Amino acid sequence: SSIHATMAGRVDSTTGEFKLPEMNLTPELVQNINKIYTVACGTSYYSGLVGKFLIEGIARIPVEVEYASEFRYYNPIVDDKTVFMSITQSGETADTLAASEQARQNGATLWSIVNAYGSQSMRTADGYIPMNAGPEIGVASTKAYTCSIVDQYMLACILGQMKGTLSAEDV
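To start, this report covers the structure provided alongside it.

Parameters and conventions
- Residues numbered from 1 in each chain as written.
- Predicted model: local features only at pLDDT ≥ 70, side-chain atom pairs only at ≥ 80, totals over all residues.
- Heavy atoms only, no water.
- Core = buried A, V, L, I, M, F, W, Y, C linked by side-chain atoms within 4.5 Å.
- Buried < 20%, exposed > 50% of the residue type's maximum accessible area, 1.4 Å probe, protein only.
- Helix = DSSP H or I, 4+ residues; strand = E, 2+ residues; numbered from the N terminus.
- Contact = heavy atoms within 4.5 Å.
- Pairing = 2+ DSSP bridges.
- Axes fitted to C-alpha atoms, helices over the stretch in contact; angles between N-to-C directions.

A general feature of soluble globular proteins is that nonpolar side chains tend to end up buried together. Residues L25, I36, I55, W111, L155 and L159 are the most contacted members of the largest nonpolar core, which totals 35 residues. Of all the secondary structure elements, the ones that give two or more residues to this core are β1 (35-40), α3 (42-59), β2 (63-67), β3 (82-88), β4 (109-114) and α7 (142-163). Of all the elements, α7 adds the most residues to this core, at 10 residues. The contact partners of L155, leaving out residues within four places of it in the chain, are L20, M23, L25, M85, W111 and I129. Ranked by size, the runner-up nonpolar core spans 10 residues in total, among them F71, F84, A108 and L110.

And the structure:
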């Protein structure tokens, strides 16, 4: 199943510990995060709304979820304590890439949750999580939607542990 694929190699079955090595997370980076902007289009946007509740509830980091096509036009407050996290199936969505570039120019750390390994969104990010959902046949992307929620849950748990808001026992 696609959920098994996205968790494969990322969950230690004996300890329950999550591992996302491609995210390049450090305690210093995590402690300095003031806000995460999750930016996406379509189905990925709805995944980000679920991820907002997970990350805020577990890691206690404020999250705003924005449509990529709108992000550039309202002059968001972004600096070196901001994380810009794109969720994208293709990793090549023009609006998402343009918003990423704007965030980078303002000093944000770029993260990407992406289904297309090797895509521009993955290559330009400071850290990424490959969904491993496999190819989608339709626009209503149930596999990528579900996998990106699982990825955000694992990320929320790791962030929570690094911030001290989630104990190893609670994981």
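Here the focus is the sheet that holds β2. Within the open sheet, the 5 strands sit side by side as β2-β1-β3-β4-β5. Their pairing is parallel. Looking along the sheet, the strands with just one partner apiece sit at the ends: β2 and β5 (127-130). Neighbouring strand axes in the sheet, compared pairwise and without regard to direction, differ in orientation by 20° on average. Taken together, the 6 bridges between β3 and β4 define a ladder with parallel strand orientation. Bridge assignment links T88 to a residue of β4, and that residue is V114. In the packing of α3 onto the sheet, the strands contacted are β1, β2 and β3, and the crossing angle to β2 comes to about 175°. Across the sheet, α7 lies against β1, β3, β4 and β5, angled at about 140° from β4, the strand it touches most.

Here the focus is the environment of A116. Along the chain, A116 falls in the loop between β4 and α6 (120-124). The exposure class of A116 is partly exposed, given its relative accessible area of 26%. Put simply, A116 and G134 are 18 residues apart on the chain and 8.5 Å apart in space, counted from C-alpha to C-alpha. Once residues lying within four places of it in the same chain are set aside, the contact partners of A116 are Q89 and S90.

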